[in-house]
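# Architecture at a glance
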Amino acid sequence: MGKTYAHMDGRLRAFIEAQPVFFVASAPLAEDGHVNVSPKGRSGTLAVLDDTTVAYLDFGGSHAETIAHLRENGRITLMWCAFEGPPKIVRVHGIGEAVFRDDPRFPDLVARFGDADADGLRAVVVVRATLISDTCGYAVPFMDYREERTLHEEFMSRKTDAEFVEYTGNKPYNAASIDGLPAVPLPLPLRG
């Protein structure tokens, strides 16, 4: 049976931090808008900041749907599944905010991730939980973790920061979402 929690206690925090992948869901307010679900999993790019707040590093890519939805309404859900060990699903429903490179909070937030700070970083997404829950996960299959995929990191590492800024500006769904909502404020400032 599922339970709800006022905060992420040590057991929930340990479970969250041990998972190699998590999923992010967000949606626009418009009923005909597109719901977005994205997998995340680069090692070290998720941090539990306190017992009701998590954050993850948002790297550039072809879309910025989550950022657009957060800018419009802030609603976000993060989900972790146990693919090994006892079955469990943990969800953090909350209000999220993308903290961009030119925000004075950005350097201190990025420092919380240590070596995970890497090329192609465009924002830190901070999520303050409004509801924390777990459920059984009985239907989640067993899966073996093999290794990190390094393609994204390798691709971004071949770009200077100026080239990354240009790359971001040239992608059609970075400035606005597929529904036309404002996403990443462009031009993306250079990292100083």
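Residues numbered from 1 in each chain as written. Predicted model: local features only at pLDDT ≥ 70, side-chain atom pairs only at ≥ 80, totals over all residues. Heavy atoms only, no water.

## Describing the packing of aromatic side chains
Centre distance and the angle of the planes are the two values used to describe a pair of aromatic rings. Here is the rule: Only rings of Phe, Tyr and Trp enter the pairing, Trp through its six-membered ring, and a pair is recorded when the two centres are within 6.5 Å. The plane angle decides the type: under 30 degrees is stacked, over 60 is edge-to-face, the rest tilted. In this analysis the charged atom, NZ for Lys or CZ for Arg, is taken to sit over a ring once it is within 6 Å of the ring centre and within 35 degrees of the ring normal.
Under the definition given, this model contains four aromatic pairs. Counting every residue linked through ring pairs, the aromatic cluster contains Phe22, Tyr56 and Trp80. Stacked on the ring of phenylalanine 59, the Lys or Arg arginine 42 has its end atom at 3.8 Å from the ring centre.

## So, the environment of arginine 75
Note the cut-off: Secondary structure elements follow DSSP: runs of H or I of four or more residues count as helices, runs of E of two or more count as strands, with numbering from the N terminus. Each residue's exposure class comes from its accessible area (1.4 Å probe, protein chains only) as a fraction of the maximum for that residue type: buried when under 20%, exposed when over 50%, partly exposed otherwise. Contact criterion: two residues are considered in contact whenever any of their non-hydrogen atoms come within 4.5 Å of each other. Any pair of N or O atoms that falls within 3.5 Å is considered a polar contact. Within protein, one atom must be able to donate a hydrogen and the other to accept it, and sequence-neighbouring residues count only if both atoms are side-chain atoms.
Topologically, arginine 75 is positioned in strand β6 (residues 75-81). Take arginine 75: its relative accessible area is 41%, and that puts it in the partly exposed class. Taking the C-alpha atoms as reference points, arginine 75 and alanine 118, 43 residues apart in sequence, are found 26 Å from one another. If we ignore the near neighbours within four places in the chain, the residues touching arginine 75 are Ala25, Ser26, Ala27, Pro28, Leu29, Leu70 and Gly94. Here the side chain of arginine 75 touches alanine 27 through a polar contact of 3.4 Å, landing on its backbone oxygen.

## Details of the layout of surface pockets
Using the following cut-off: A 1.4 Å probe that fits but cannot get out identifies a cavity on a 1 Å grid over protein atoms alone, an open set with protein on both sides within 12 Å along at least five of seven lines counts as a pocket, and a residue lines either if it has an atom within 4 Å of a point. Grid points are joined across faces, edges and corners, and a volume is the space filled by probe spheres set on the points. As a working rule, the residues Ala, Val, Leu, Ile, Met, Phe, Trp, Tyr, Cys and Pro are called nonpolar, Asp, Glu, Lys and Arg charged, and the rest polar, with Gly in that last group.
Its volume calculated, the largest pocket comes out at about 1300 Å³. Taken together, 36 residues line the largest pocket, and the ones lying closest to its centre are Val21, Pro39, Lys40, Gly41 and Arg42. Those elements giving two or more residues to the lining of the largest pocket turn out to be α1 (10-18), β3 (36-40), β5 (53-59), α2 (65-72) and α4 (151-157). At four residues, the largest contribution of residues to the lining of the largest pocket is made by β3. In this structure, the second largest pocket occupies an estimated 190 Å³ of space. Along the wall of the second largest pocket there are 16 residues; nearest its centre are Glu17, Gln19, Arg42, Ser43 and Gly44. Residue assignment for the lining of the second largest pocket shows that the elements contributing at least two residues are α1 and β4 (46-50). A breakdown of the residues in the lining of the second largest pocket according to their chemical character gives seven nonpolar, five polar and four charged.

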